[in-house]
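Close look at the chain arrangement
Next come the chains, spelled out residue by residue.
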Amino acid sequence: MAASVRCLHRLQATMRLAVSMVARLGFRLQELPSVLGRQLSCAQTKILGSDRVKLMESIVVGDIAELKPNQGTLSLFTNEAGGILDDLIVTNTSEGYLYVVSNAGCCDKDLALMQNKVREFQNKGSDVGLEVVDNALLALQGPTAAQVLQAGVADDLRKLPFMTSAVMEVFGVSGCRVTRCGYTGEDGVEISVPAAGAVHLAAALLENPEVKLAGLAARDSLRLEAGLCLYGKDIDERTTPVEGSLGWTLGKRRRAAMDFPGAKVIVPQLKSKVQRRRVGLMCEGAPMRAHSPILSTEGTVIGTVTSGCPSPCLKRNVAMGYVPYEYSRPGTLLLVEVRRKQQMAVVSKMPFVPTNYYTLK
């Protein structure tokens, strides 16, 4: 078992709770049931060498070359059919490597993809390398997250806007990479911490009464309110970025060059009406859940819900799912079948709840 996993298991064994922490998300979490979960499930990798950007752009859709030092972006691994292999965050660090965070559930295939591409580039004489980072990853989320963390760092977190990162000492643990991001739609950070210091750091954060442990069920409701996809539910290898309403992840230069996997399928979709699109849905009554059928008002099944839950903030049921393009306009009335009963739903813009990411004024 990897050192980072052993350390987090020690913390879980002690507290019997998850290690995804939330710094007072206010009413967005206070009314959620106390549901326990697992630690933040992400894999971390470094891409090294002078040709690292060229390598990464050969397997993702984003414009990695345009990233400023310590700036990151959400991107996608795609296959030649245009399907999404995984979503990931790529950061262009000032230390001379790309820092990649991807889903732990896709770790084996993601690592194999990157390793194979590294070997391919090396065989052509390119200067590239790969290093797996055995760090824990702790998420501290909520309006007071930066205030809580500031007590344990010398760096001024007011200078760290959304999707940027810096290496710093955090509550006495050196070598932590703090990234201003998260998967809740709120302000917050993800802290990549050396395995040996993970339990100490988590315990130090929890000493602040503002910080409460939160399981993945809480995180799931927050990311759904923010309209954020979960790989394996809302996007997968059968979904293209355009179908998944993620066309914005395609860099302008990359669209023009059409030099990423699946570009011949994906780029034309940007200017055409794809057969289906991911949409937001809202309804009264019983909450919509994954696999609930979506129907036209005439009663014809036209799609499927991929994620759904009651929204603690809106006091309404929210969901996302896929429908044919002609039913994807916000305001379109549809039906959703829940517990064998049909109920009205309306296509809604996402995010359902406005995001609160921190940007420099």
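All values reported here derive from a predicted model rather than from experimental measurement. (Residues numbered from 1 in each chain as written. Predicted model: local features only at pLDDT ≥ 70, side-chain atom pairs only at ≥ 80, totals over all residues. Heavy atoms only, no water.)

1. What about the overall build of the protein?
Check the secondary structure of the protein and you find nine helices and 17 strands. Every one of the 361 residues in the protein was classed for burial, and the buried ones make up 55%. Across the protein, the fraction of contacts at a sequence separation of at least 24, relative to all contacts at a separation of at least 6, is 65%. On the protein, roughly 16300 Å² of surface is accessible, and the fraction owed to carbon and sulfur atoms is 52%. (Helix = DSSP H or I, 4+ residues; strand = E, 2+ residues; numbered from the N terminus. Buried < 20%, exposed > 50% of the residue type's maximum accessible area, 1.4 Å probe, protein only. Contact = heavy atoms within 4.5 Å. Areas by Shrake-Rupley, 256 points an atom, 1.4 Å probe, with all protein chains shown as cover.)

2. So, the pairing of strand E10 (residues 188-194)
Within E10, six of the seven residues are buried, leaving the element largely enclosed by the surrounding structure. As judged from the seven bridges shared by strand E7 (residues 135-141) and E10, these two strands associate in the antiparallel manner. Bridged to Asn-135 within E10 is Pro-194. Judged from the three bridges that link them, strand E9 (residues 173-179) and E10 form a sheet pairing that is antiparallel. Pairing of Arg-177 across the sheet is with Ser-192, part of E10. (Pairing = 2+ DSSP bridges.)

3. What to know about the pattern of salt bridges
All chains considered together, the criterion is met by 14 salt bridges. Residue Glu-237 pairs with Lys-109 through a salt bridge whose shortest N-O separation is 3.0 Å. Of this pair, Glu-237 sits in the loop between helix H7 (216-225) and helix H8 (252-257) while Lys-109 sits in helix H4 (residues 107-123), and the two are 128 residues apart along the sequence. Glu-237 gets classed as partly exposed once you look at its relative accessible area, which sits at 41%. Note on Lys-109: relative accessible area 29%, which makes it partly exposed. The partner of Arg-223 in a salt bridge is Asp-220, with the nearest N and O atoms 2.8 Å apart. Highlighted residues: Arg-223 and Asp-220, both in helix H7, separated by three residues, approximately one helical turn. (Salt bridge = Lys/Arg side-chain N within 4 Å of Asp/Glu carboxyl O.)

4. Focus: the environment of Pro-209
Note that Pro-209 resides in the loop between helix H6 (198-206) and strand E11 (211-214). When the C-alpha positions of Pro-209 and Val-148 are compared, they lie 9.6 Å apart, and in sequence the two are 61 residues distant.

5. Regarding the environment of Asp-259
Tracing the sequence through the fold places Asp-259 in the loop between H8 and helix H9 (263-269). As for Asp-259 and Glu-57, which are separated by 202 residues in sequence, their C-alpha atoms are 8.2 Å apart. Discounting residues that sit within four places of it in the chain, Asp-259 has contacts with Glu-57 and Arg-254. Looking at Asp-259, its side chain comes within polar contact range of the side chain of Arg-254, at 2.9 Å. (Polar contact = N/O pair within 3.5 Å; in protein donor to acceptor, adjacent residues only side chain to side chain.)

6. Section: the packing of aromatic side chains
This structure, assessed with the given rule, holds one aromatic pair. For the pair Phe-162 and Tyr-357, a centre-to-centre distance of 4.1 Å together with 10° between the ring planes defines the contact as stacked. One end of the pair, Phe-162, is in the loop between helix H5 (145-150) and strand E8 (165-170); the other, Tyr-357, is in the segment after strand E17 (341-348), and 195 residues separate them in sequence. The ring of Tyr-97 is capped by Lys-46, whose NZ or CZ atom sits 4.5 Å from the centre of that ring. Over the face of the ring belonging to Tyr-99 we find Arg-177, whose NZ or CZ atom lies 5.6 Å from the ring centre. (Phe/Tyr/Trp six-rings, centres within 6.5 Å; stacked < 30°, edge-to-face > 60°. Lys NZ or Arg CZ within 6 Å of the ring centre and 35° of its normal.)

7. Here we look at the pairing of strand E2 (residues 42-48)
Here E2 pairs with strand E5 (residues 98-103) via six bridges, running antiparallel. What sits directly across from Lys-46, in E5, is Tyr-99.

8. Examining the state of the cysteines
Summed over the entire model, instances satisfying the criterion amount to zero disulfides. Cysteine Cys-106 is unpaired, with the sulfur of Cys-107 as its nearest cysteine sulfur at 9.1 Å. (Disulfide = S-S within 2.5 Å.)

9. Some points on the side chain of Thr-78
For Thr-78, the location among the structural elements is in strand E3 (residues 71-78). The exposure class assigned to Thr-78 is buried, which follows from its relative accessible area of 4%. Polar side-chain contacts of Thr-78 include one of 2.7 Å to the backbone oxygen of Pro-261. In this structure, Thr-78 is in contact with Ile-59, Val-61, Gly-83, Ile-84, Leu-85, Pro-241, Phe-260, Pro-261 and Ile-266, ignoring residues within four places of it in sequence.

10. Focus on H4
For H4, built from 17 residues, the straight-helix expectation of 24 Å at 1.5 Å per residue is met to within 8% by its first-to-last C-alpha distance of 24 Å. Burial in H4 covers these residues: Asp-110, Leu-111, Met-114, Lys-117, Val-118 and Phe-121. Relative to the axis of H4, the buried residues are bounded by an arc of 135° and lie together on one face. Turned more than 90 degrees off the buried face of H4, the exposed positions are Asp-108 and Asn-123. (Expected span 1.5 Å × (residues − 1). Arc of directions from axis to C-beta.)

11. What to know about the sheet that holds strand E16 (residues 333-338)
Pairing is antiparallel in the closed barrel, where six strands are placed in the order E12-E15-E14-E13-E16-E17. Shown here is a sheet whose adjacent strand axes are inclined to one another by a mean of 40°, direction ignored. Bridge count between strand E12 (residues 276-283) and strand E15 (residues 316-324): eight bridges; the pairing is antiparallel. Following the sheet pairing, Val-279 is matched in E15 by Gly-321. (Axes fitted to C-alpha atoms, helices over the stretch in contact; angles between N-to-C directions.)

12. Examining the side chain of Ser-221
By secondary structure assignment, the location of Ser-221 is in helix H7. Of the polar contacts made by the side chain of Ser-221, one reaches the backbone oxygen of Ala-218; its length is 2.9 Å.

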